[in-house]
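Structural description and commentary
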Amino acid sequence: MRILIVEDEAKIARFVSLELKHEKYDVCCSADGREALELISSEDFDLVILDIMLPGLNGLEVLRRMRNDHNMTPVIMLTARDSVMDKVSGLDMGANDYLTKPFAIEELLARIRALLRAPKPQTSHEDILSYEGLVLDKTKHSVTVDGTPVELTVKEYGLLQALLENLSVVLTREQLLEQVWGYDYFGETNVVDVYIRYVRSKLENVTAKRYIQTVRGVGYKIG
Ligand code: CA
């Protein structure tokens, strides 16, 4: 398993790198956001540990550009900042997990193990998923309703994709968390309800059709 550590504080980078090598991971380090992004787009990593405050490009921007390029490598954000906004924007941009410095190395190792064994999202080989005018094009990473584009964030898009890939199947909140977030970082599932609300309200802006159905006490489905 190959892990990229993006961290400009040399002491932390060296410490984490030594610990990961001790656990038999193949480790690569970068201290600069722009350089890290180049590494991520030119080489294969199984996981990226990404600091937020970085020279070159900050970690949130690195993450945003990765996900824009459809690079879904798991990312653990690592940062000294502990504001709720950072956490929300990191997770919303597609970070899989979040650790605040100072952290215990055992906790980082546990989260790495959890992410590396998390089931890969179930994906169909169809490039275009659709249901009654709602079209999700995986090659363009776009969503339209009767031809009108709908702008979704990474997680909102992931939710819609999971529901469309399982047409008429009720997905539980746990299943959606697992498929879209990769792993249950909140320890509770109401984050799914929040994101379903976001997706619904964006769809309602362009259509009167109600695509996503709530199955009370169970979860959600389309169709
Ligand atoms: Ca830093």
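On a predicted model such as this, the values are computed, not experimentally measured, just so you know.

**Notes on the overall build of the chain**
Looking only at helices and strands, the chain features 8 helices and 12 strands. Its C-alpha atoms put the chain at 55 × 35 × 35 Å along the principal axes. By the burial criterion, 49% of the 223 residues in the chain qualify as buried. Of the contacts made within the chain by residues no fewer than 6 positions apart, 59% connect residues no fewer than 24 positions apart. As presented, the chain carries roughly 11300 Å² of accessible surface, and 50% of it is formed by carbon and sulfur atoms.

**Topic: the coordination of the calcium ion**
The coordination sphere of the calcium ion, as far as protein atoms go, consists of Asp8 (OD), Asp51 (OD) and Met53 (O), spread over 2.1 to 2.3 Å. Each donor residue of the calcium ion lies on the same chain, and together they follow the pattern D-x42-D-x1-M.

**Brief notes about the pairing of strand β6 (residues 128–131)**
One ladder, built from 4 bridges, connects β6 with strand β7 (residues 134–137); its direction is antiparallel. Of the residues in β7, the one forming a bridge with Leu129 is Leu136.

**Describing the packing of helix α1 (residues 10–22) against helix α5 (residues 105–117)**
It is the contact of α1 with α5, at a shortest axis distance of 11 Å, that shows an interaxial angle of 55°. Taken together, the axes of α1 and α5 are oblique relative to one another. Both α1 and α5 take part in a crossing whose hand is right-handed. Contact with α1, carried on its side by Phe15, Val16, Glu19 and Leu20, involves Ile105, Leu108, Leu109 and Ile112 of α5 and no other residues of that element. Split by residue class, the contact of α1 with α5 holds 7 nonpolar, no polar and 1 charged.

**Some words on the sheet that holds strand β8 (residues 142–145)**
Ordered by their spatial adjacency, 4 strands build an open sheet running β6-β7-β8-β9, and the pairing between neighbours is antiparallel. Strands at the two margins of the open sheet, each flanked by one partner only, are β6 and β9 (148–150). On average, each strand axis in the sheet is tilted by 25° relative to the strand beside it, whichever way the strands run. Sheet strands touched by helix α6 (residues 154–165): β6, β7 and β8. Its angle to β7, the strand with the most contacts, is close to 110°.

**Some details on the packing of aromatic side chains**
This structure, assessed with the given rule, holds 2 aromatic pairs. When the ring of Tyr131 is compared with that of Tyr211, the centres are 6.4 Å apart and the planes differ by 75°; the resulting orientation is edge-to-face. You can see Tyr131 sitting in strand β6 and its partner Tyr211 sitting in the loop between α8 (190–204) and β11 (212–215), a full 80 residues away along the chain. Measuring from centroid to centroid gives 5.2 Å for Tyr195 and Tyr198, while their planes differ by 70°, and the two rings are edge-to-face. With Tyr195 and Tyr198 both in helix α8 and 3 residues apart, this pair spans about one turn of that helix. A residue is classified by how much of its surface remains accessible, and Tyr195, at 8% relative accessible area, is buried.

**Some points on the domain arrangement of the chain**
If you check the domain split of the chain, you get domain 1 (2–117) and domain 2 (125–222). For domain 1 and domain 2, the distance between their C-alpha centroids amounts to 27 Å. Listed by partner, the interface residues are 14 residues for domain 1 and 10 residues for domain 2. In total, about 980 Å² of surface goes out of reach between domain 1 and domain 2, with carbon and sulfur atoms giving 59% of it. Looking only at domain 1, the three residues that lose the most surface to domain 2 are His70, Leu91 and Asp92, adding up to 45% of its buried area. At the boundary of domain 1 with domain 2, the tally comes to 0 residue pairs in polar contact (both at pLDDT 80 or more). Residue assignment for the side of domain 1 that touches domain 2 shows that the elements contributing at least two residues are α4 (84–92) and α5.

**Focus on the nonpolar core**
Residues Leu134, Leu159, Leu160, Val192, Leu203 and Ile212 are the most contacted members of the largest nonpolar core, which totals 28 residues. Elements with a contribution of two residues or more to this core: β7, β8, α6, α7 (173–181), α8 and β12 (219–222). Membership of the second largest hydrophobic core comes to 22 residues, among which are Ile40, Val75, Met77 and Tyr98.

**A few points about the side chain of Arg200**
Considering the arrangement of structural elements, one finds Arg200 in helix α8. Buried within the structure, Arg200 lacks any salt-bridge partner; Glu204 is the closest side chain of opposite charge, at an N-O distance of 5.6 Å. Discounting residues that sit within four places of it in the chain, Arg200 has contacts with Ile212, Gln213, Thr214 and Tyr220.

How each quantity is defined
- Residues numbered from 1 in each chain as written.
- Predicted model: local features only at pLDDT ≥ 70, side-chain atom pairs only at ≥ 80, totals over all residues.
- Heavy atoms only, no water.
- Helix = DSSP H or I, 4+ residues; strand = E, 2+ residues; numbered from the N terminus.
- Buried < 20%, exposed > 50% of the residue type's maximum accessible area, 1.4 Å probe, protein only.
- Contact = heavy atoms within 4.5 Å.
- Areas by Shrake-Rupley, 256 points an atom, 1.4 Å probe, with all protein chains shown as cover.
- Donors = N, O, S within 2.8 Å, 3.2 Å for Na, K, Ca; no water.
- Pairing = 2+ DSSP bridges.
- Axes fitted to C-alpha atoms, helices over the stretch in contact; angles between N-to-C directions.
- Parallel < 35°, antiparallel > 145°, perpendicular 65-115°, else oblique.
- Left-handed = near helix turned anticlockwise from the far one by under 90°.
- Nonpolar A, V, L, I, M, F, W, Y, C, P; charged D, E, K, R; others polar.
- Phe/Tyr/Trp six-rings, centres within 6.5 Å; stacked < 30°, edge-to-face > 60°.
- Domains from an automatic or database assignment.
- Buried area = accessible area lost by both parts, 1.4 Å probe.
- Polar contact = N/O pair within 3.5 Å; in protein donor to acceptor, adjacent residues only side chain to side chain.
- Core = buried A, V, L, I, M, F, W, Y, C linked by side-chain atoms within 4.5 Å.
- Lys, Arg positive; Asp, Glu negative; His and termini not counted.
- Salt bridge = Lys/Arg side-chain N within 4 Å of Asp/Glu carboxyl O.

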